[in-house]
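Listed below, chain by chain, are the residues.
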Amino acid sequence: MLRHPQFLKDLVTGTAGTIAVIHVSPEGLVLGSSPGVDEDEADHWAAVMAALLAVSSRGTEIIGSHTAEPGPWGHSVIEDRSGRTLILVGANDDSMLAVVCGRNAHLGDVAALLVELADSTVVVGAAA
């Protein structure tokens, strides 16, 4: 059964423009999602997130090789031509959060909130 932790519910209901959110372990296992994301969809998200993490992490290696300042992956943003967005953020415990935003979302606010949440003990505690 898919869990819907309160912090994920709050993110969707309390942040304008967010549609759905999911939390995935470093191993690619679904830890929870916002209501409305079924188990099959969550598993699909987890697979996509794992692939995006691999690509994004390799991208940071490329950036580091050209700047002499290697750094870990932080977050990725994918936008479709209609203005809808997927934001993927790494948490301190190596889990990942992803949120789907509609066209009306203020992406800077959503991304900042995700980064803050990913850095908090709320996510780390949820993954345990």
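Residues numbered from 1 in each chain as written. Predicted model: local features only at pLDDT ≥ 70, side-chain atom pairs only at ≥ 80, totals over all residues. Heavy atoms only, no water.

Enquirer: Residue-level account of the overall build of the chain, with values.
Expert: From N to C terminus, the chain includes four helices and five strands. Put simply, the chain runs from its N terminus to its C terminus through helices and strands in the order α-β-β-α-β-β-β-α-α. The C-alpha radius of gyration of the chain comes to 14 Å, within 12% of the 14 Å expected for a compact globule of 128 residues. The principal-axis extent of the C-alpha atoms belonging to the chain is close to 45 × 35 × 25 Å. Counting the 128 residues in the chain, one finds 41% classified as buried. (Helix = DSSP H or I, 4+ residues; strand = E, 2+ residues; numbered from the N terminus. Rg over C-alpha atoms; globule rule 2.2 N^0.38 Å. Buried < 20%, exposed > 50% of the residue type's maximum accessible area, 1.4 Å probe, protein only.)

Enquirer: Outline the pairing of strand 3 (residues 75-79), listing residues and values.
Expert: Bridge analysis of strand 3 against strand 4 (residues 85-90) gives five bridges, and the strand direction is antiparallel. Considered in strand 4, the bridge of Glu-79 is made with Thr-85. Taking the residues between adjacent antiparallel strands as the criterion, strand 3 and strand 4 are bridged by five residues, where Gly-83 takes a positive phi near 95°. (Pairing = 2+ DSSP bridges.)

Enquirer: Before we move on, can you summarise the nonpolar core with the specific residues and values?
Expert: Within the largest apolar cluster, 17 residues are counted, with the highest numbers of intra-cluster contacts made by Val-21, Ile-87, Leu-97, Val-99, Cys-101, Val-110 and Leu-114. Elements represented by at least two residues in this core include exactly helix 1 (6-14), strand 4, strand 5 (96-101) and helix 3 (107-119). With five residues, the top contributor of residues to this core is helix 3. Residues within four places of Val-99 in sequence aside, it is in contact with Thr-18, Ala-20, Val-21, Thr-85, Leu-86, Ile-87, Val-110 and Leu-114. Judged by nonpolar contacts, the second largest core, of 13 residues, contains Val-24, Val-37, Ala-46 and Leu-88. (Core = buried A, V, L, I, M, F, W, Y, C linked by side-chain atoms within 4.5 Å. Contact = heavy atoms within 4.5 Å.)

Enquirer: Break down the sheet that holds strand 5 for me, citing the residues and quoting the values.
Expert: Strand order in the open sheet formed by five strands is 2-1-5-4-3, and the pairing between neighbours is antiparallel. Every interior strand has two partners, whereas the edge strands, strand 2 (30-33) and strand 3, have only one. This sheet shows a mean twist of 15° between the axes of neighbouring strands, independent of strand direction. (Axes fitted to C-alpha atoms, helices over the stretch in contact; angles between N-to-C directions.)

Enquirer: Got a sec to walk through the pattern of salt bridges? Specific residues and values, please.
Expert: Per the counting criterion, the structure on display carries one salt bridge. As a salt-bridge pair, Asp-80 and Arg-84 come within 2.8 Å of each other at their nearest N and O atoms. (Salt bridge = Lys/Arg side-chain N within 4 Å of Asp/Glu carboxyl O.)

Enquirer: Could you give an account of the side chain of His-23, naming the residues involved and the relevant values?
Expert: Turning to its location among the elements, His-23 is positioned in strand 1 (residues 18-24). Overall, the relative accessible area of 1% leaves His-23 in the buried class. Among the polar contacts listed, one links the side chain of His-23 to the side chain of Ser-95, at a separation of 2.8 Å. (Polar contact = N/O pair within 3.5 Å; in protein donor to acceptor, adjacent residues only side chain to side chain.)

Geometric values such as these leave the question of function open.
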